[in-house]
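# Structural description and commentary
So the chains spell out like this:
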Amino acid sequence: MSDVEQKIAALLHEEADKAALTAGMYQRVLRRAKIRRALTATAAGLAVIAIGISGVVMATAIRSPSSIEPADPEEAPPVEVTPIRDVFAEQVAASDNSVWISGADQLYVLDPDSNEVEGVVLEVPVWGRIAVGEGAVWLAGWQGDIGPGGGTPPSGKVLRLDLEERGRHQGDVAFEEVGEVIWRSAQNEAPEAVVTGFGSAWVAEKLGDRILRFSPDGAAVTHRRVRTSLTEISVGNTPVDLAAGEGGIWVVHTRSDPKHHGRGDASLLKIDPATGAPSKPVPAGTCPHSVTTGAAAVWVLDFCDEVVRKFDPETMQRLGVADLPSAATDLAVGDGYLWTVHPEDGVILRTDLESLDQIGDPIRFGGGRDYGPSAITYGAGSIWVSGDGLFRLDVR
Amino acid sequence: MAKRSEHRLSDLYWRHAGDAVRLAFLLTGDHHAAEDIVQDAFVRLFSRFQELRSPDAFEIYLRRTVVNLSRDRFRRLKLERDQVTKANTPRQAEVTSRLEDRELIRHALRSLPHRQRAALVLRFYADLSEQQTAEVLQCSVAAVKSLVSRATASLRERMRGEFP
């Protein structure tokens, strides 16, 4: 914890000590709870109607105003926004023919042809990142208890869900039938990111300053497990995000301690998938925290500087900088554009891959700073936005 | 409400209410408001106790409800505050001259947007991880990082000289 954070923590504890419970509060709570429970039972029908109305309000709020102004709407082809129904999405990963969504303690699989949920992998309380590839869906993050009687303290894990095994089922299925926990954090820290590529799943473990490489060799261990070897690659300096593509695995480092900013430890490096060797890191701004690949480049999002930096994957030289009008939390390259997520403004922005200029109208989502979009990915021919429901974006 | 159920709720109340009041107080800066919010939060959760996905994770539900109710109150207050002219708001220099440093920090903390303040309180007071904070705030870890970073930067900007 930095000096600033320690001061803030000390102050908060000092402040909190001023607050205390008062006599009689419990009796008031209990009395009100009994009344409310009685009223709730008779008002259940009304609640259903209210939920329906709120859904309509959310849909109409997609075009609510925000501080970000249009760039040059006449130059850009329009984007069709399709809300996906009945899905609470925190993270999304897409392959060519399926879209996987984690959220609300569940993992959904969506058919991108119909936009319908095909089924739910039940009771997978994972809060973290998700990737699909190498014959499996991979989840990395915090995971609580699986199965009946859940609610145990979460711990850092990596889960693998076999796609072939999932394919034998239709509709909902229990995680135990198709998945396995393949790694547990010894320090009970959640992994930061997971990607697939070059025959492996790659997981960033911030606390250990390393990348974990899981390589399934195809040999079955049980009906839902294949033999998976683990290689640890030390990369130093708190890796926070990964991308696979353009000839390598790309790792960005940042520092949670602000006093380190500007000292060169906010960097980008490349892991050679053939040898597993990390390159020398190159400076990547102040707070690089997301990376992606596409259009023959590596793209690094910096939320402090409010920019995306474009790097040459061969030389690791910086090719350009896209200025953003506000801080972004995630990025994707697809459908001919760079896309960035701006949760506090509740918008998605499009940037031209060559000129690095903003293109077209901001795509607005309801909720703004409280419930804005937070994550974005490209797959199955579309851009997918999650964070407050799930939306599919297609350039027309 | 059956006796057994009431006993369970009583146990939950006495185990978590104190922490909840302190959390609400940090989020609102007002003891009476904090108590109201915690009462509301317990009433909501008690009346829906059987519907909770994991009743054993009561503390998580409670934190989330307290944060959401504090946010609702913050929105209402903001509407009222917007009616007040800037002339009534003390300028930074005036604040600096008449308040002690720690009081100034408190003022700066309370001036943060609700979501940024909630992220700071959950991370540095409740000592939640980024993942757990994201769960309570119902946002991504990246959004938590962004909120904490912006809040810290904002405090540093307001508190030049106090923070390194």
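So, a few notes on the structure that sits alongside this text. (Residues numbered from 1 in each chain as written. Chains lettered and ligands numbered in written order. Predicted model: local features only at pLDDT ≥ 70, side-chain atom pairs only at ≥ 80, totals over all residues. Heavy atoms only, no water.)

Further remarks concern the packing of helix H6 (residues 114–125) of chain B against helix H7 (residues 130–137) of chain B. Axes are the key here: two packed helices are described by the angle between their axes and the distance separating the axes. All names here are of chain B. The contact between H6 and H7 brings their axes to 10 Å, and the two run at 135°. Accordingly, the angle class assigned to the pair H6 and H7 is oblique. Classified by chirality, the crossing of H7 by H6 is right-handed. Listed contacts from H7 to Arg115, Ala118, Ala119, Leu122 and Arg123 of H6 are Glu130, Thr133, Val136 and Leu137. (Axes fitted to C-alpha atoms, helices over the stretch in contact; angles between N-to-C directions. Helix = DSSP H or I, 4+ residues; strand = E, 2+ residues; numbered from the N terminus. Parallel < 35°, antiparallel > 145°, perpendicular 65-115°, else oblique. Left-handed = near helix turned anticlockwise from the far one by under 90°. Contact = heavy atoms within 4.5 Å.)

Running from N to C, helix H1 (residues 3–16) of chain A and H6 of chain B point in directions that differ by 90°, and their axes come no closer than 9 Å. Comparing their axes, H6 of chain B and H1 of chain A come out roughly perpendicular. Here Glu5, Ile8, Ala9, Leu12, His13 and Ala16 of chain A of H1 of chain A come into contact with H6 of chain B, specifically with Leu120, Val121, Phe124 and Tyr125 of chain B.

A word on the pairing of strand E17 (residues 267–271) of chain A. Residues and elements named next belong to chain A. Counting buried positions along E17 yields 5 of 5 residues, so the element is predominantly enclosed. Side-chain alternation along E17 places Ser267, Leu269 and Ile271 on one buried face and Leu268 and Lys270 on a second face that is also buried. Sheet topology note: the strand E16 (residues 248–253)/E17 ladder contains 4 bridges and is antiparallel. Looking at the pairing, Val252 lines up with Leu268 of E17. Inspection of the sheet shows E17 paired to strand E18 (residues 282–283) by 2 bridges, in the antiparallel sense. By the bridge assignment for E18, Ser267 is matched with Pro283. (Buried < 20%, exposed > 50% of the residue type's maximum accessible area, 1.4 Å probe, protein only. Pairing = 2+ DSSP bridges.)

A word on the nonpolar core. Counting residues in hydrophobic clusters, the biggest one holds 56 residues, and the most contacted among them are Phe42, Val66 and Leu120 of chain B. Phe42 of chain B has contacts with Val29 of chain A together with Leu12, Tyr13, His16, Ala17, Phe58 and Leu62 of chain B, leaving out every residue within four places of it along the chain. (Core = buried A, V, L, I, M, F, W, Y, C linked by side-chain atoms within 4.5 Å.)

A few words on empty space enclosed by the protein. Under the counting rule described, the total for this entry stands at 5 cavities of 30 Å³ or more. What the largest cavity holds in volume is close to 330 Å³. Along the walls of the largest cavity sit 24 residues, with Gln91 and Arg129 of chain A together with Ser140, Val141 and Ala142 of chain B positioned nearest its centre. Looking at the lining of the largest cavity, the elements with two or more residues in it are strand E6 (126–133) and strand E19 (288–294) of chain A together with H7 and helix H8 (141–158) of chain B. (1 Å grid on protein atoms, 1.4 Å probe; cavity = no way out; pocket = protein on both sides within 12 Å on 5 of 7 lines; lining within 4 Å. Points joined across faces, edges and corners; volume = space filled by probe spheres on them.)

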